[in-house]
Amino acid sequence: MTPADHSLKIAILALVTLVSSGCVTSRVEDAREGLTGINSGEAVVIMAKSYHLGNETEEKYIRCVEKALARGSEGLNVIPHQEFVDSLFPWFEPRTAPAETKNLPKLMERPGVAEKIAAQSVRYIIWLDGETERVAGGGSLSCAAGPGGGGCFGFAWWQKDSDYNAAVWDLVGLESAGTVSTDVTGTSFLPALVIPIPLIARTQAKACKSLADHLRAFIVNDGSA
Amino acid sequence: MNSGTLPHAETLIIRMPRSRHIAGYAILISRTRNALAGFLLVGLIAGCGSNIVLQFPSIPIPLTEKIPISIGLRMPANFKDYVHKEQVYGREEWSINLGNSNAALFTQLFGYMFEKVTILQASDDPKLLDIDALIEPSIDAFEFSVPNQSKTDSFAVWIRYRIKIYDRNGALVSNWPVSAYGKSQTKSISNSDALQRAAILAMRDAAALIIMKLDETTLVSSLASASTPVTAAPAQAPIAAGADTEEAQTTAVEGEDDDAG
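Residues numbered from 1 in each chain as written. Chains lettered and ligands numbered in written order. Predicted model: local features only at pLDDT ≥ 70, side-chain atom pairs only at ≥ 80, totals over all residues. Heavy atoms only, no water.

K.L.:
Help me out: how do you make sense of the sheet that holds strand 5 (residues 149-170) of chain A in this one?
P.N.:
Strands in a sheet are paired, the pairing made by backbone hydrogen bonds, and the direction either parallel or antiparallel. All names here are of chain A. One open sheet holds the 6 strands; their spatial order is 1-6-5-4-2-3, and the pairing between them is mixed. Strands with a single pairing partner mark the edges of an open sheet, and in this sheet they are strand 1 (23-32) and strand 3 (77-79). Between one strand axis and the next, the sheet turns by 20° as a mean value, whatever way the strands run. Here strand 4 (residues 122-146) runs beside strand 5; their pairing, made up of 22 bridges, is antiparallel. Residue I125 lies in a different strand from strand 5, and its bridge partner there is W169. Its contacts with the sheet put helix 2 (residues 59-70) on strand 2 (43-48), strand 3, strand 4, strand 5 and strand 6 (175-196), and the angle it makes with strand 2 is roughly 165°. (Pairing = 2+ DSSP bridges. Helix = DSSP H or I, 4+ residues; strand = E, 2+ residues; numbered from the N terminus. Axes fitted to C-alpha atoms, helices over the stretch in contact; angles between N-to-C directions. Contact = heavy atoms within 4.5 Å.)

K.L.:
Honestly, the packing of aromatic side chains in this entry has me stumped. Any pointers?
P.N.:
Within the structure shown, the criterion is met by 15 aromatic pairs over all chains. Their ring planes at 5° and their centres at 3.6 Å tell us that A:Y61 and A:Y164 sit as a pair that is stacked. One end of the pair, A:Y61, is in helix 2; the other, A:Y164, is in strand 5, and 103 residues separate them in sequence. The exposure class of A:Y164 is buried, given its relative accessible area of 1%. Centroid distance B:W94 to B:F144: 6.2 Å. Interplanar angle 70°. Geometry classified as edge-to-face. With B:W94 in strand 4 (residues 92-99) and B:F144 in strand 6 (residues 133-145), the pair connects residues that are 50 residues apart, well separated along the chain. Here B:F144 falls in the buried class, since its relative accessible area comes to 4%. By way of ring pairs, the aromatic residues B:F79, B:F106, B:F110, B:F114 and B:Y161 are connected into one cluster. The positively charged end of A:R32 is found above the aromatic ring belonging to A:F218, 4.3 Å away from the centroid. Over the face of the ring belonging to A:W91 we find A:R110, whose NZ or CZ atom lies 4.1 Å from the ring centre. (Phe/Tyr/Trp six-rings, centres within 6.5 Å; stacked < 30°, edge-to-face > 60°. Buried < 20%, exposed > 50% of the residue type's maximum accessible area, 1.4 Å probe, protein only. Lys NZ or Arg CZ within 6 Å of the ring centre and 35° of its normal.)

K.L.:
What is the right way to read the state of the cysteines from this model?
P.N.:
Simply put, disulfide is the name for a covalent bond between the sulfur atoms of two cysteines. All names here are of chain A. For the structure on display, the rule yields 2 disulfides over all chains. Across a sulfur-sulfur distance of 2.0 Å, C64 and C208 are joined as a disulfide pair. Taking the torsion about the S-S bond as the criterion, the C64 to C208 disulfide, at about -100°, is left-handed. Remark: C208 occurs in helix 6 (residues 203-220) and C64 occurs in helix 2; sequence separation between them is 144 residues. Since its relative accessible area comes to 28%, C64 is described here as partly exposed. (Disulfide = S-S within 2.5 Å.)

K.L.:
Looking at this model, I keep getting lost on the environment of A:W158. Mind explaining?
P.N.:
Within the element layout of this structure, A:W158 appears in strand 5. When neighbours within four sequence positions are excluded, A:W158 is seen to be in contact with A:R134, A:A136, A:G137, A:G186, A:T187, A:S188, A:L190 and A:I200.

K.L.:
For this particular structure, what's the right way to read the nonpolar core?
P.N.:
Nonpolar side chains in soluble globular proteins tend to end up buried together. Counting residues in each nonpolar core, the largest one holds 53 residues, and the members touching the most others are B:F106, B:F110, B:F114, B:I210 and B:L214. When residues of this core are traced back to their parent elements, those giving at least two are strand 2 (67-74), strand 3 (82-88), strand 4, helix 3 (101-113), strand 6, strand 7 (154-167), strand 8 (172-185) and helix 5 (191-218) of chain B. Ranked by the residues each element gives to this core, the list is headed by helix 5 of chain B, at 12 residues. Not counting chain neighbours up to four residues away, the residues in contact with B:L214 comprise B:F110, B:M113, B:F114, B:I163, B:I165, B:W176, B:L209, B:L219 and B:V220. Grouped together as the second largest cluster of nonpolar side chains are 25 residues, A:V44, A:V78, A:L128 and A:V168 included. (Core = buried A, V, L, I, M, F, W, Y, C linked by side-chain atoms within 4.5 Å.)

Okay, here's the thing in structure tokens:
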């Protein structure tokens, strides 16, 4: 393969990547309430706020944030949430989990709770709430198939909003360290002239990455600067 | 003449096989159509119903201290073979077979909660056993919703259990309704898996509530051998061995109507 062929392939790949993603706008912000920081050997756990309270955070999103936080050379030690919940049964079930940091001291006094948390070296619990919603959409697309082949014609679009909030609880100080929130909006398009060409705005994936990156910085940098 | 008849003969020769082919094709098409219709019908019938058999919902060992009494556990027949059937929106029938899962859950749960648990069969007389209390759980209601109904991506399950507690003399001392709720999204798993998961989460929710509130609500620990009976006058409902005493609804230590939290 000549260098020219190689460059052409890269250019085509870049063009396909550019064309096949829809428009996305994102915003991330945090509100710090206390100093943070994490020692080597300490861990975090990602939890979803209770569905008893109407929270709809997707399981897939929680797993995505867990993986994104743990990834890379500067990744945090993340305890899988189900493992944490099982080890502390029944105190972190959707019905029984503490809703506010002021309930933490009483919880830690229960038999075995502080010991189980210490055994897993969990320093922070990160409570996620929010969801990805389709907020608008339109257009029309029709497809047909016959003996000679098939095809689609038309144009469809839809807009999704991924809005998530992460509350960080410090289990050493038994207090709230602050919150990080992200809001990603994106519009996907699906034009079709015989072959449909999806231009998908991956709002949830973007919200996962941006929240995880910001959370890592929020926890690792102590906020004293 | 020959030149005139030959084409006719050729035509005949040609047409005979063609007509047989056409008849053959017609039969083939008809059979294929019938087969397709049959497959479609079977598909429609299969598509109109979902059968779910629940797996055993194991719970972790709770971080709580055991209640120091000896109990008998008597489970009604529907705990061992509970099947819920429901037609949703007049087009889809769901059959949820809870099977033995409730019996397995409550056996494990009370094993974690009490010092000693004796499982009673229908023919056992609890008065002849050395127990401080008899606990009889049952299912009052099972309900669920599918995404079409709730306009979400989730299946939800509600189970209302009833826990009756009798003292050593067979008097009903508590009649506690326990409402549990479980919800599971369908995005990464199939519909039947999501409904099954929602049911298991509802059962786990019930277990968590029972661990947290059973003694506080029913004062079951006060039924220990050395203790005096509960102070408020219970509705006297003597235990008939093997009988389901559904008529005894009022009790001394009645919990709230619905402790769903």
